[in-house]
Amino acid sequence: MRTYTPKPGDVEKNWYVIDATDVVLGRLATHVATLLRGKHKPSFAPHVDNGDFVIVVNAAKVALTGSKLNDKIAYSHSGYPGGLKATSYAQLLERFPERAVEKAIRGMLPKTTLGREQLKKLKVYAGPEHPHAAQQPQAFEITQVAQ
């Protein structure tokens, strides 16, 4: 019996929409990373991009447990010497809530060209509206939202 290996053309990609209201950021990121990688499918292979498209709405209403809202720091670097910038998650969620969610999900994907391709299938919006209604996304429910 030969082992089945999925080809990129054989993969069927679905669209999911996730409401991030009052969902803990880490739990949201693990569910989204699983959908983006395709680990929920029986045809998962680590070398093939067989994940689905994911739309995250209400990113501004995501929750952080404990005192992480003020204590957790998001770093970014300009690429120049002395170009390190530090921002607390309270400021990051206030100014750019999409970046906070994308940063958490990016950390859970592979740091390869395949991981960068999978990250392109992620769409994050701060509010409840998204322009992807034509793709007919299915609602994906995260069961454990309480902290």
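To be clear, the structure that these remarks concern was listed above.
Residues numbered from 1 in each chain as written. Predicted model: local features only at pLDDT ≥ 70, side-chain atom pairs only at ≥ 80, totals over all residues. Heavy atoms only, no water.

**Student:** Explain the overall build of the protein to me, using residue names and the numbers behind them.
**Tutor:** Each helix and strand counted, the protein has five helices and six strands in total. Going residue by residue from the N terminus, the α and β elements of the protein occur as β-α-β-α-β-β-α-α-α-β-β. Its C-alpha atoms give the protein principal-axis dimensions of roughly 55 × 35 × 30 Å. Relative to its full complement of 147 residues, the protein shows a buried share of 37%. A fraction of 68% describes how many contacts in the protein between residues 6 or more apart in sequence connect residues 24 or more apart. Between the averaged position of the 20 positive side-chain charges in the protein and that of its 13 negative side-chain charges there is a distance of 9 Å. (Helix = DSSP H or I, 4+ residues; strand = E, 2+ residues; numbered from the N terminus. Buried < 20%, exposed > 50% of the residue type's maximum accessible area, 1.4 Å probe, protein only. Contact = heavy atoms within 4.5 Å. Lys, Arg positive; Asp, Glu negative; His and termini not counted. Charge placed at Lys NZ, Arg CZ, Asp CG, Glu CD.)

**Student:** Explain the nonpolar core to me, using residue names and the numbers behind them.
**Tutor:** Core analysis: the largest hydrophobic core is formed by 28 residues, its most contacted members being Leu-28, Val-32, Val-54, Val-56, Val-101, Ile-105 and Leu-122. Among the elements that line this core, the one with the most residues is helix 1 (residues 25-37), at seven residues. (Core = buried A, V, L, I, M, F, W, Y, C linked by side-chain atoms within 4.5 Å.)

**Student:** Got a sec to walk through the packing of aromatic side chains? Specific residues and values, please.
**Tutor:** The geometry of an aromatic ring pair comes down to the distance between the two centres and the angle between the two planes. According to the stated counting rule, one finds two aromatic pairs in the structure shown. An angle of 5° between the planes, with centres 4.4 Å apart, marks the rings of Trp-15 and Phe-53 as stacked. Remark: Phe-53 occurs in strand 2 (residues 53-57) and Trp-15 occurs in strand 1 (residues 15-19); sequence separation between them is 38 residues. Classification of Trp-15 by relative accessible area gives buried; the value is 16%. (Phe/Tyr/Trp six-rings, centres within 6.5 Å; stacked < 30°, edge-to-face > 60°.)

**Student:** How would you explain the environment of Phe-44 if you had to name every residue and give the values?
**Tutor:** With respect to the helices and strands, the residue Phe-44 is situated in the loop between helix 1 and strand 2. Each C-alpha atom, one on Phe-44 and one on Ser-88, is 36 Å from the other, the two residues being 44 residues apart in sequence. Among all residues touching Phe-44, those that are not within four sequence positions of it are Arg-37, Gly-38, Lys-39 and Asn-50.

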